[in-house]
Amino acid sequence: MRETGRKLALKMCECRRNIGLVEDSLQYSVRSKVFMCLCTRKRPGLPCTIKQQMKKEKSNIQESERVNSLSLSRNAVNKQERERIYFLSLSIGKRGKYIAFGSSSRFHVPLLPNRMLSLNRLTRAVLGGEERKYWSFLLQRTMMNGGDLVDNKSAVGGGVEDMYGEDSATMDQPVTPWTVSVASGYSLMRDPRHNKGLAFTEKERDAHYLRGLLPPAVFSQELQGKRLMHNLRQYKVPLQRYVAMMDLQERNERLFYKLLIDNVEELLPVVYTPTVGEACQKYGSIFRRPQGLYISLKEKGKILEVLKNWPERSVQVIVVTDGERILGLGDLGCQGMGIPVGKLSLYTALGGVRPSACLPITIDVGTNNEKLLNDEFYIGLKQRRATGQEYAELLQEFMSAVKQNYGEKVLIQFEDFANHNAFELLAKYSSTHLVFNDDIQGTASVVLAGLIAALKLLGGTLADHRFLFLGAGEAGTGIAELIALEMSKQNGNPIEENRKKIWLVDSKGLIVDSRKESLQHFKKPWAHEHEPVRKLVDAVKAIKPTILIGTSGVGKQFTKEVVEAMASFNEKPLIMALSNPTSQAECTAEEAYTWSEGRAIFASGSPFDPFEYDGKVFVPGQANNAYIFPGFGLGVIISGAIRVHDDMLLAASEALASQVTEEHFAKGLIYPPFSNIRKISANIAAKVAAKAYELGLASHLPQPEDLVKYAESCMYSPVYRTYR
């Protein structure tokens, strides 16, 4: 039936040329997955009708099943034409293969069968508001598989069909480059999902009307990647590389991800930290075209309609920010969109989540950044941030609309919200939605993985060590809580007892019991009995931690005095300077190794180059959240999990720690290299999915026998597909 659909679509394109219609081509809406034809006469007295033309071809085309759905797309014709063209008759039955538009049954087009669609899904995909009520109707019948792009039996991504042929499991199947109609010619080259540039084969250039639109040379995808990497390396400014990569993503999606996957260690700092921080600061100046949804206070009361404007229906992961605390750079308002876009690029490149299933969103409630408010190029609302009830109501509407539009199993990742909102949102929605905060939970999981791996160098268990944090915000308290949970899992003691081994320092000094009344609620569990200590170095000398962790977002806080104090009572002090971007790191790798005389085990949030000290080369570890959230998200998707549980985070940490080998330890690494990140993500996804099944949170049943193999088959493949 798929071959039948292709033949019919091509015949319809031929009809357009033969009978002089402005718009009579058979169209296929990927969003509603319904074939449709909208006919507008160019002039009276047509030489023949579509019906007559199709009668000549029907002997070569299989009989169509009855149609179950029909919709009129507002995008297909302008408003004047929509008002003039109305539906008059639909003949169904023995000869029921035609749809008639207009004031007579002159214009007829046979419809192809497809899979059954619900009224909600059909109408929301193509129309909006009152138009949806006026222009749509249904005929209930099961539709066959004739219009599907790939074999659904091989489309295994978390139970959601592979509409665009993105998964590794469907790599051997040819696909049809559908957009609204069969993409061809100039429109095909302008579609980033299907564009191959110079990699279109001779056969594809003939079949899709590309002759003359491309130079005669045919490049392989590998050669294209080699050329682009050569060009990228010519740029000396990181932001120029970032802009070049974003341009590539907008014109050739598969090549963008192929480049990122094959050169992940070189390009990860370009598409994400630290370069993305500078990109967000200058987002208004480098803005070219929107890459996600912008929901502002102007859309209050109609957020559901805004979500329906997004072209993809099968969204599985949403990354959302309000831009109030972007990395360590503060309030960047609407320009924080660079973070969701970057995160979702990593979900695809590192975790294998389909690009079509990813949706970046920025919620714009204003900004308190005076520089942005006075910037003529600022792209967001130029007003002070909304707070209190107004903010809460907008977020409540957003969360309800997401669930209504995309269902129970869409993963909503909160990103770079200010502390007071981050904790409140996670607590409020974790029991009703599938939510995940990467700053709290993702950071905690990746740091815990590093600590578990480091125990092989330090010795003992987590409970045998003392922890001191600089920074008591969402990252610091989130890490501390997950460490305490893992201790309880290992030693069986109450979490309250294990918390006593963990100390936090905020802007006012060591968090102690005497400060409890003035502390924010998320800091109170970490207020222990101790005399007040104001300075970090004094806290280090008083607590004598074996592990020092920085999440303050303020650079240069681990001074020479602090590091030397750590080295004075630890043979191998573990120092983790986690704040991003690089300029905000608590200390550099060079400083940590030099001041500890080469004895420190060092990890950071942003990358540092290898450093040689006393004849030995040290390779700094990177405690990057990108180790965890892509694989974690994939595990949630393939299991069909409906909630996130702390045990799933612990499972992700343990899976990552298990990937560190003796070879890595010999170099001082407590994290595996990013060069093997896809395999690491598949293993993390398998462990997360297994835990979801164990906890009864998975809805994709039955459980696959080999979850690692299943995860790999669900992962997005950026390799070019062969077009029919």
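Residues numbered from 1 in each chain as written. Predicted model: local features only at pLDDT ≥ 70, side-chain atom pairs only at ≥ 80, totals over all residues. Heavy atoms only, no water.

An unreviewed UniProt entry annotates the protein chain as Malic enzyme of Theobroma cacao. Regarding the protein chain, the relevant UniProt record gives this comment under Sequence similarities (unreviewed entry): "Belongs to the malic enzymes family." (UniProt positions renumbered as here; feature names shortened; annotations may be inferred.)

1. Here's the deal with the nonpolar core
Counting residues in hydrophobic clusters, the biggest one holds 124 residues, and the most contacted among them are Tyr242, Ile502, Met576 and Phe632. A domain-level breakdown of this core finds at least three residues from each of domain 1 (272-433) and domain 2 (458-616). Excluding residues within four positions of it along the chain, Ile502 makes contact with Phe467, Phe469, Ala480, Ile483, Ala484, Met487, Trp526 and His528. (Core = buried A, V, L, I, M, F, W, Y, C linked by side-chain atoms within 4.5 Å. Buried < 20%, exposed > 50% of the residue type's maximum accessible area, 1.4 Å probe, protein only. Domains from an automatic or database assignment. Contact = heavy atoms within 4.5 Å.)

2. Focus: helix α18 (residues 419-429)
Taken residue by residue, α18 has Asn421, Ala422, Phe423, Leu425, Leu426 and Tyr429 as its buried positions. On its buried side, α18 packs onto α17 (388-406), β11 (411-414), β12 (435-437), α19 (438-458) and α20 (474-491). (Helix = DSSP H or I, 4+ residues; strand = E, 2+ residues; numbered from the N terminus.)

3. What to know about the confidence of the model for the protein chain
When pLDDT is averaged across the protein chain, the result is 82; 77% of the residues are at 70 or more. Low confidence marks residues 12-51, where pLDDT is under 50. Its contacts with residues over four positions away, or in another chain, come to 121 contacts. Low confidence marks residues 53-149, where pLDDT is under 50. Its contacts with residues over four positions away, or in another chain, come to 213 contacts. (pLDDT = per-residue confidence, 0-100.)

4. A look at the packing of helix α9 (residues 238-251) against helix α11 (residues 264-271)
Remark: α9 packs on α11, axes separated minimally by 8 Å, with the N-to-C direction vectors making an angle of 95°. With respect to α11, the element α9 is oriented roughly perpendicular. Taking contact as the criterion, the partners of Pro238, Arg241, Tyr242, Met245 and Met246 in α9 are, on α11, Glu266, Leu267, Val270 and Val271. Looking at the contact of α9 with α11 residue by residue, the classes come out as seven nonpolar, no polar and two charged. (Axes fitted to C-alpha atoms, helices over the stretch in contact; angles between N-to-C directions. Parallel < 35°, antiparallel > 145°, perpendicular 65-115°, else oblique. Nonpolar A, V, L, I, M, F, W, Y, C, P; charged D, E, K, R; others polar.)

5. Overview of the side chain of Arg205
Considering the arrangement of structural elements, one finds Arg205 in helix α7 (residues 202-207). It turns out Arg205 is buried and unbridged, and the closest side chain with the opposite charge, Glu202, is 5.2 Å from it. Those residues in contact with Arg205, other than ones at most four positions away along the chain, are Leu198, Phe200, Leu210, Arg211, Leu214, Pro215, Pro216, Ala217 and Val218. (Lys, Arg positive; Asp, Glu negative; His and termini not counted. Salt bridge = Lys/Arg side-chain N within 4 Å of Asp/Glu carboxyl O.)

6. What to know about the packing of aromatic side chains
For the structure on display, the rule yields 14 aromatic pairs. Ring centres of Tyr593 and Phe611 lie 6.4 Å apart, and the angle between their planes is 5°; on these two criteria the pair is classed as stacked. Residue Tyr593 is found in helix α24 (residues 589-595), and its partner Phe611 is found in strand β19 (residues 611-613); the two are separated by 18 residues along the sequence. This pair shows no difference in class: Tyr593 is buried, exactly as Phe611 is. (Phe/Tyr/Trp six-rings, centres within 6.5 Å; stacked < 30°, edge-to-face > 60°.)

7. So, the pairing of strand β14 (residues 502-506)
Summarising burial for β14: five of the five residues are buried, a large majority. Burial of the side chains of β14 extends over both faces: Ile502, Leu504 and Asp506 are buried on one face and Trp503 and Val505 on the other. Relative to β14, strand β13 (residues 467-470) runs parallel, the two sharing four bridges. Along β14, the bridge assignment pairs Phe467 with Ile502. Sheet topology places β14 next to strand β15 (residues 509-510); two bridges connect them, and they run antiparallel. What sits directly across from Val505, in β15, is Leu510. (Pairing = 2+ DSSP bridges.)

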